[in-house]
Amino acid sequence: MMTGGSAAWQGGIKDGKGAISTMSGALKAYPYGLSSRFEGKPGTNPEELIGAAHAGCFTMALSLILGEAKLTAEQMETKADVTLEKQGDGFAITFVHLTLTAKIPGADKAKFDELAGMAKAGCPVSKLLNTKITLDATLLG
């Protein structure tokens, strides 16, 4: 399987504007730039997209792992906080923190934590990221 995205850019780093698109069309020429990356202005940024991709990948991986354990989630919500920090002359993603809240009938806390840890380590986006990844997982009654 292969999929992807594209980006276009016009101008310099400070005054320039970009547009990000996905092959599926979920994003089509969606704006991004320095102001949306560092100043909280409208638009997206690479770290936000990585966070969404990581949250989605981790949650899908956990769904698969739960199924293998004969469990099915009634509801799962994952947030991925991606930290971008200045390092030397550039920047690096130094940390991703996943926060999961799930309702999984029949799962106990120990099994839930074990399976969530497996998903954190095994999802393809986790394997791609060369950074520290942490997880807080809450099992709702």
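Before going into details, it helps to say that this report is about the structure given with it. (Residues numbered from 1 in each chain as written. Predicted model: local features only at pLDDT ≥ 70, side-chain atom pairs only at ≥ 80, totals over all residues. Heavy atoms only, no water.)

Quick word on the packing of helix α2 (residues 46-68) against helix α3 (residues 109-122)
Counted only if it meets this: Simply put, an axis is a line fit to the C-alpha atoms, just over the touching stretch for a helix, and the angle between two N-to-C directions goes from 0 to 180 degrees. Numbering of helices and strands starts at the N terminus; helices are DSSP runs of H or I of at least 4 residues and strands are runs of E of at least 2. In these notes the angle categories are as follows: under 35 degrees is roughly parallel, over 145 is roughly antiparallel, 65 to 115 is roughly perpendicular, and the rest is oblique. Should the near helix be turned counterclockwise from the far one by less than a right angle, the crossing is left-handed, whereas a clockwise turn marks it as right-handed. In what follows, a contact means two residues having at least one pair of non-hydrogen atoms within 4.5 Å. Amino acids outside the nonpolar list (Ala, Val, Leu, Ile, Met, Phe, Trp, Tyr, Cys, Pro) and the charged list (Asp, Glu, Lys, Arg) are all regarded as polar, and Gly is one of them.
Here α2 crosses α3 at 130 degrees, and the two axes come no closer than 8 Å. As far as their axial angle goes, α3 and α2 are oblique. As α2 runs across α3, the sense of the crossing is right-handed. Packed against α2, whose contacting residues are Phe58, Ala61, Leu62, Ile65 and Leu66, the element α3 presents Leu115, Ala116, Met118, Ala119 and Lys120 at the interface. Of the residues contributing to the contact of α2 with α3, the split by class is nine nonpolar, no polar and one charged.

With respect to the sheet that holds strand β6 (residues 132-139)
Put simply, the rule is: A strand pair is defined by DSSP finding two or more bridges across the two strands.
With mixed pairing, the three strands of this open sheet are ordered in space as β4-β5-β6. Among the strands making up the open sheet, the edge pair consists of β4 (75-87) and β6. Direction aside, the axes of adjacent strands within the sheet are offset by 15 degrees on average. Relative to strand β5 (residues 90-103), β4 runs antiparallel, the two being bridged by 13 bridges. In the sheet register, Lys86 faces β5, and the bridge partner there is Phe91. Against the sheet, α2 touches β4, β5 and β6, its axis set at about 140 degrees to β4. Contacts from α3 reach β5 and β6, with the element oriented near 150 degrees to β6.

Section: the side chain of Thr134
Test applied: N or O atoms within 3.5 Å of each other form a polar contact, as long as, within protein, one can give a hydrogen and the other can take it, and as long as residues adjacent in sequence are counted only when both atoms are side-chain atoms.
Among the secondary structure elements, Thr134 is positioned in strand β6. There is a polar contact of 2.5 Å between the side chain of Thr134 and the side chain of His97. Other than its neighbours up to four places away in sequence, Thr134 contacts Phe95, Val96, His97, Leu98 and Lys120.

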